[in-house]
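Remarks on the overall topology
Chain by chain, the residues:
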Amino acid sequence: MGIIEKMRLDGKAIYVTGAASGIGKCAAMAFAEAGADVAIVDINLEGAQKVAEEIKEATGSNTIAIQCDVTNQEQVEAMVAKVVETYGKLDACYNNAGICINEDAEKMTYEQWLKVININLNGVFLCATAAGRVMLKQGYGSIINTASMSGHIVNVPQPQCAYNASKAGVIMLTKSLAVEWAKKNVRVNCISPGYIGTELILNNEGLKPLMKQWNDMAPMGRVGKPEELQSILVYLAGDSCPFTTGSDIVVDGAFTCF
């Protein structure tokens, strides 16, 4: 099998969390275009259903929509079980759901801190371990997590200590799981995007002054596009990189290089 064939995802079953919009939606579309059947997972069921139909119409993928709060262990376990019930297996998953609260540390409430940590870090742990149990039993699988360049640097000018801490945690969680499961043929990697211009960010008037500063600081002079993450996600989900595990792949237009 040549490298191009190995990059295909035909016959693979993949779920994506936070897939009703933004990076998650774009990733799900990429997986489907590469041949995979994709479960669109989001706390917003209506949004997930809309995306599932859109992807099915565009690619012919056997898509399903599943409502899931990634901070709820029972819901996460049920979501993974639904994916396996539907497709008979779980080849790969992309644990992408996340939020950011910009608040001065001295003003941030403990409830705000917990909300960010629960979704961004605990949610990844719950999803990765639930998927991991299936994959360990299968004897193979690929787990991809969304970290962030914010796990490497402290973003300015916005205060986001909880987000930064959660994403640094995702990076180390990814590496820890990768080492634990390395000899069991279950790969675990994460990507660390820089500023990505999703519709939510581009349409937020309050973020426009921040975006100007981000662009002024960026070596490429712009934020990234969700589509610019697609190829690395398809690569990590497929069979062309059996030696790639425990990696944190930074995709930030060189923002963290200085």
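Figured I'd write up the structure that's included with this text. (Residues numbered from 1 in each chain as written. Predicted model: local features only at pLDDT ≥ 70, side-chain atom pairs only at ≥ 80, totals over all residues. Heavy atoms only, no water.)

Topic: the overall build of the protein chain
This is how it is decided: In DSSP terms, a helix is any run of H or I states spanning at least four residues, a strand is any run of E spanning at least two, and both are numbered starting from the N terminus. For a compact globule the rule gives 2.2 Å times the number of residues to the power 0.38, and the radius of gyration it is set against comes from C-alpha atoms. Each residue gets one of three labels from its accessible area relative to the maximum for its type: buried under 20%, exposed over 50%, partly exposed in between, using a 1.4 Å probe on protein chains only.
Scanning the protein chain from N- to C-terminus turns up nine helices and seven strands. Against the compact-globule benchmark of 18 Å for 258 residues, the protein chain has a radius of gyration of 17 Å, which places it among compact chains. Across its three principal directions, the C-alpha atoms of the protein chain cover 45 × 40 × 35 Å. Residues counted as buried form 50% of the 258 residues belonging to the protein chain.

Section: helix α8 (residues 208–217)
Put simply, the rule is: Regarding the arc, it is the one traced by the directions from the helix axis to the C-beta atoms. The contact rule is simple, with two residues in contact once any of their heavy atoms fall within 4.5 Å.
Every buried residue of α8 is accounted for by L210, M211 and W214. Down the axis of α8, the buried side of the element spans an arc of 100°, and every buried residue falls inside it. The exposed set on the far side of α8, more than 90 degrees from its buried face, consists of P209, K212 and D216. Taken together, the buried residues of α8 touch α7 (199–202).

Details of the packing of helix α5 (residues 110–138) against helix α6 (residues 161–181)
We count it as follows: The axes used here are C-alpha line fits, helices contributing only the stretch in contact, and every angle between their N-to-C directions lies in the interval 0 to 180 degrees. Reported orientations rely on four angle classes, namely roughly parallel under 35 degrees, roughly antiparallel over 145, roughly perpendicular from 65 to 115, and oblique for the rest. Crossings are sorted by hand: turned counterclockwise from the far helix by less than a right angle, the near helix makes the crossing left-handed, and turned clockwise it makes it right-handed. Three categories are distinguished: nonpolar for Ala, Val, Leu, Ile, Met, Phe, Trp, Tyr, Cys and Pro, charged for Asp, Glu, Lys and Arg, and polar for the others, with Gly belonging to the last.
Put simply, α5 and α6 touch, their axes get as near as 8 Å, and they point 15° apart. With respect to α6, the element α5 is oriented roughly parallel. Crossing hand, α5 versus α6: right-handed. Two secondary-structure elements touch here, α5 through W113, V116, I117, N120, L121, V124, F125, A128, T129, G132 and L136 and α6 through C161, A162, Y163, A165, S166, K167, G169, V170, L173, L177 and W181. Here the residues of the contact of α5 with α6 are counted per class, giving 16 nonpolar, five polar and one charged.

What to know about the environment of I66
Considering the arrangement of structural elements, one finds I66 in strand β3 (residues 64–67). Apart from residues lying up to four places away in sequence, I66 is in contact with A39, I40, V41, D42, L45, M79, K82 and V83.

So, the packing of aromatic side chains
Selection criterion: Note on aromatic contacts: the rings of Phe and Tyr and the six-membered ring of Trp form a pair at centre separations within 6.5 Å, being stacked when their planes are under 30 degrees apart, edge-to-face when over 60 apart, and tilted otherwise.
One pass over the structure, following the stated rule, counts three aromatic pairs. Arranged with centres 5.4 Å apart and planes meeting at 90°, the rings of Y195 and F255 form a pair that is edge-to-face. Taken together, the residues Y195 in the loop between β6 (186–193) and α7 and F255 in the segment after β7 (248–251) connect sequence positions 60 residues apart. According to the relative accessible area criterion, Y195 is buried, its value standing at 14%.

Section: the pattern of salt bridges
The test is simple: What makes a salt bridge here is a side-chain nitrogen of Lys or Arg within 4 Å of a carboxyl oxygen of Asp or Glu, nothing more.
For the structure shown, the criterion picks out nine salt bridges. Between K25 and E54 there is a salt bridge, with the nearest N and O atoms lying 3.4 Å from each other. Taken together, the positions of K25 in helix α2 (residues 22–33) and E54 in helix α3 (residues 45–59) put the pair 29 residues apart, joining distant regions of the chain. Residues K89 and D91 are paired through a salt bridge, measuring 3.3 Å at the closest nitrogen-oxygen approach. The partly exposed category is assigned to K89, whose relative accessible area is 25%.

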